[in-house]
Amino acid sequence: MGTPDGFCEYRMRLFVAGTERNSVMAYNNITNICRTHLQDKYTLEIIDVFKNHAAAMAENILLAPTLIIDTPFRETIIGNLENEHQILTILGIKP
Amino acid sequence: MGLQFLYHAAVGGKAVLFVSFEESAAAVRQNAVTVGMDITALEQTGHFFVWQAAVDHTLMKNGDFSIDALLAIIQGKARQLDAQIIMIDALDVLLRVFNDTEQREDQLYRLNTWLKDQQFTCILTTKVFPPPKQNLGFDVADYMADCVIFLDLRVRQQVATRRIRVVKYRGSGFTPNEHPYLITRQGISVLPITSIELTAYPPPGPFVSTGISGLDTALGGGYRHGAAIVISGDSGTGKTTFAASFAACCCDAGQQVLFVSFEESPPAIIDSMLSPGIDLQSAAESGNVQFHIALPEALGPEEHLFSLLQKIARFKPEHLIIDSISACRRMGSDTAAFDFLVRLIYTCKMKQITCLMTDQTLSESPFATTATAAISSICDTMIALNFIDTGDRIDREMIVIKSRGTHHSRKHENFHISDNGVLFLSKTTEKDADNGHS
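Here the residue numbering is sequential within each chain, running from 1 through the sequence in written order. The order in which chains are written sets their letters, starting at A; the order in which ligands are written sets their numbers, starting at 1. Two thresholds apply to this predicted model, a pLDDT of at least 70 for residue-level local features and 80 or more for giving and counting side-chain atom pairs, whereas whole-chain, interface and lining totals are computed over all residues.

Details of the interface of chain B and chain A
- Residue-level contacts link 22 residues of chain B with 27 residues of chain A.
- By the criteria applied, helices consist of DSSP H or I runs no shorter than four residues and strands consist of E runs no shorter than two, each listed in order from the N terminus. Going through the elements one at a time, strand 3 (60-61) and helix 4 (68-81) of chain B are the ones with two or more residues in the side of chain B that touches chain A.
- With eight residues, helix 4 of chain B is the single largest residue contributor to the side of chain B that touches chain A.
- Split by residue class, the side of chain B that touches chain A holds 13 nonpolar, five polar and four charged. We call two residues in contact whenever the C-beta atoms placed from their backbones are within 7 Å. Note on residue classes: Ala, Val, Leu, Ile, Met, Phe, Trp, Tyr, Cys and Pro are nonpolar, Asp, Glu, Lys and Arg are charged, and everything else, Gly too, is polar.

Notes on the sheet that holds strand 5 (residues 121-124) of chain B
All names here are of chain B.
- Strand pairing follows a simple DSSP-based rule, namely that at least 2 bridges must link the two strands. The four strands are arranged 2-1-4-5 in an open sheet whose pairing can be described as parallel. The open sheet has two edge strands, strand 2 (48-52) and strand 5, and neither has a second partner. Shown here is a sheet whose adjacent strand axes are inclined to one another by a mean of 15°, direction ignored.
- Axis definition: a line fit to C-alpha positions, over the contact stretch in the case of helices; interaxial angles, taken between N-to-C directions, run 0 to 180 degrees. Here helix 1 (residues 2-11) sits on the sheet and contacts strand 1 (15-20), strand 2, strand 4 (83-89) and strand 5; the angle it forms with strand 4, its principal contact strand, is near 160°.

Here's the deal with the nonpolar core
- Connectivity within a nonpolar core runs through C-beta atoms within 7 Å, and the core itself is a set of buried Ala, Val, Leu, Ile, Met, Phe, Trp, Tyr and Cys residues. Comment: burial labels come from other C-beta atoms within 10 Å of the residue's own C-beta, placed from the backbone, where a count of 20 or more is buried, 12 or fewer is exposed, and between is partly exposed. In this structure, Phe15(A), Val49(A), Leu17(B), Phe18(B), Ala69(B), Leu70(B) and Ile86(B) are the most contacted members of the largest nonpolar core, which totals 67 residues.
- Not counting residues within four places of it along the chain, the set of residues in contact with Phe15(A) comprises Ile47(A), Val49(A), Ala56(A), Ile61(A), Ala64(A), Pro65(A), Thr66(A) and Ala69(B).

Structural notes on the environment of Arg29(B)
All names here are of chain B.
- In this structure, arginine 29 sits in helix 2 (residues 25-34).
- Along the sequence, arginine 29 and valine 50 sit 21 residues apart, while their C-alpha atoms lie 8.5 Å from each other.
- Every residue in contact with arginine 29, bar those within four places of it in the chain, is listed here: Ile39, Thr40 and Val50.

Digging into unusual backbone geometry
- Residue Pro65(A) is bonded to the preceding Ala64(A) through a cis peptide linkage, with omega at -5°.
- Tracing the backbone shows Pro65(A) in the loop between helix 2 (53-58) and strand 3 (66-71).
- Cis peptide bonds are those with omega within 30 degrees of zero, and the linkage from Thr71(A) to Pro72(A) qualifies with 10°.
- Inspection of the secondary structure assignment puts Pro72(A) in the loop between strand 3 and strand 4 (75-78).
- The phi dihedral of Gln39(A) falls on the positive side, at around 45°, and the residue is not glycine.
- Locating Gln39(A) in the fold gives a position in the loop between helix 1 (21-38) and strand 2 (42-48).
- With a phi close to 65°, Ala90(B) is a non-glycine residue in the positive phi region.
- Of note, Ala90(B) is situated in the loop between strand 4 and helix 5 (91-95).

A word on the packing of helix 12 (residues 301-315) of chain B against helix 13 (residues 334-350) of chain B
Residue and element names in this part refer to chain B.
- Contact geometry for helix 12 and helix 13: axes closest at 9 Å, N-to-C directions at 20°. By the angle between their directions, the pair helix 12 and helix 13 is classed as roughly parallel. Seen along the crossing, helix 12 lies across helix 13 with a hand that is right-handed. Contact residues: helix 12 offers Pro301, His304, Leu305, Leu308 and Leu309, while helix 13 offers Ala336, Asp339, Phe340, Arg343, Leu344 and Thr347.
- Taken together, the residues of the contact of helix 12 with helix 13 break down into seven nonpolar, two polar and two charged. In these notes the angle categories are as follows: under 35 degrees is roughly parallel, over 145 is roughly antiparallel, 65 to 115 is roughly perpendicular, and the rest is oblique. Note: crossing handedness is left-handed where the near helix turns anticlockwise from the far helix by less than a right angle, and right-handed where it turns clockwise.

Here we look at the pairing of strand 18 (residues 394-403) of chain B
All names here are of chain B.
- One ladder, built from nine bridges, connects strand 17 (residues 381-389) with strand 18; its direction is antiparallel. Paired with threonine 381 across the strands is serine 403, a residue of strand 18.
- In this structure, the hairpin formed by strand 17 and strand 18 is closed by a connection of four residues, where glycine 391 is found at a positive phi of approximately 105°.

A closer look at helix 6 (residues 101-118) of chain B
All names here are of chain B.
- The span one expects for a helix is its residue count, reduced by one, times 1.5 Å. Compared with an ideal rise of 1.5 Å per residue, which puts 18 residues at 26 Å, helix 6 spans 25 Å between its outermost C-alpha atoms and is within 8% of the ideal.
- Within helix 6, the full set of buried residues consists of Arg104, Gln107, Leu108 and Leu111. Buried residues in helix 6, looked at end-on, bunch into an arc of 100°, giving them a common side. Away from the buried face of helix 6 by more than 90 degrees, exposed residues Glu102, Thr113, Lys116 and Asp117 are located.
- Positive backbone phi, at 55°, marks glutamine 119, one or two positions downstream of helix 6. In this description, the arc belongs to the directions extending from the helix axis to the C-beta atoms.

Looking at the sheet that holds strand 21 (residues 421-424) of chain B
All names here are of chain B.
- In space, the nine strands of this open sheet follow the order 14-13-15-16-12-17-18-20-21, with mixed pairing throughout. Two strands close off the open sheet at either side, each with one partner strand: strand 14 (289-293) and strand 21. Taking the axes of each pair of neighbouring strands and ignoring which way they run, one obtains an average angle of 25° across the sheet.
- Against the sheet, helix 9 (residues 239-252) engages strand 12 (228-233), strand 13 (257-261), strand 14, strand 15 (319-323), strand 16 (354-360), strand 17, strand 20 (413-418) and strand 21, with an angle of about 160° to strand 15.
- Docked against the sheet, helix 12 engages strand 13 and strand 14, running at close to 160° with respect to strand 13.

Concerning the pairing of strand 15 of chain B
Residue and element names in this part refer to chain B.
- Burial runs high along strand 15: five of the five residues are buried.
- The two faces of strand 15 match: His319, Ile321 and Asp323 on one face and Leu320 and Ile322 on the other face are all buried.
- As paired elements, strand 13 and strand 15 share five bridges and run parallel to each other. Paired with serine 261 across the bridge in strand 15 is aspartate 323.
- Bridging between strand 15 and strand 16 involves five bridges; their strand directions are parallel. In the sheet register, isoleucine 321 faces strand 16, and the bridge partner there is leucine 356.
- Once you follow strand 15 into helix 13 and on to strand 16, the crossover reads as right-handed. If you view a crossover with the strands going away from you and the path from the first strand over the helix to the second runs clockwise, you call it right-handed.

These figures capture arrangement, not role.
Dropping the structure here:
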């Protein structure tokens, strides 16, 4: 997923809670958006809070799933990301 | 309250985790210090961990989510610390992120199941609002939790009282009543009035002199050590003089007296007793008499009781004088005065401290004040002082209304307050046929 090197327009981290329903949905939704709209201009890091609680603690992630968009600008979104249009708007891909 | 539980667990060598949704870690540490708990030291030994979980209410939402990330952090951190005891302070702050009650209830169920799976002992605190304001679905928490404790702060007649009530506690024979509690420098202190065991306190001890020879005779020997005594009368009848006579006499005998005044300062008391020839100055200087001055309005009955009990614990007096109990109602209400006095009297009886109280009556009939009427049944000796109009002057008289375990006088005894203390005019002897029993 994403380019291993070079220019990265969209850098994102998704915090999931194991295989909890909303987390799985969020993973599916965001990877789908990435493949369809961002092609190779993104990196998406998946962090399981149950395996890496320190990372969640560092970012103060209390709710799962949480998507943190680091670039192009910082934004945090909680939920299963079912609303694709909202994500695309935030990323500046759709008005 | 939760913090105190955690603190003691940590002091006892258990690792604990404190999750704060409202206050910063620094604020939690500071709060703990004000009630005598040093968390920082425990944090250094790895027994205490404070985590401030800041909730961002401006987060963008997109579909459903859960508190699983919080649980993951707690789980991970608790494992790291080897902690079994967790406190989640003000979970309502986090639950407010969820839009409806149903979602909040779902999260609480999730939390409950998870806690049971993890076998954590968890203290959860949340605010409760009076209806109609919604309580964020915490009603269900009542059903899920093993123990529910309700804390409340009420202000009645300008006096605030904190009260604690155990709503439920599975597998325990808890008392369902409300109990007042205090937050002091030593932490929380609960004073359950209902837990006093009537069977536990000893009977009054041997006679001690009242400091007034005529009164010793009238009482068949004096007050009983460890008894509760009330002297009532109108203003100016000599109540404080009777009390001071007793205090000075005890001090002469090398016994210690705590003089509690709700009305006057120690210099004023000492000075006013010079005229009837009672020397409290040397007693105060010798340290046998100590004064405890409190303005009734300044504190609620619990704070008054607590500070007085602390004073008693430090000074360990053999006798206690309270001048006067009629002022106690100014702690808030008749109920407040009653609560204060009953608990004080029982404490004195348990510790075998003589408790001599003065009470200012407001009408013709003695013991008309609510304070005395309410406690009369637990008082051993009751003495009423009156003025009598002889036509050309006002005299004073005394009657012993009751005195348990003594052969006491039933006569109206005339007395006057001389330069050498209280003097009784007619002498009653123990052989007197009029002696009463009670």
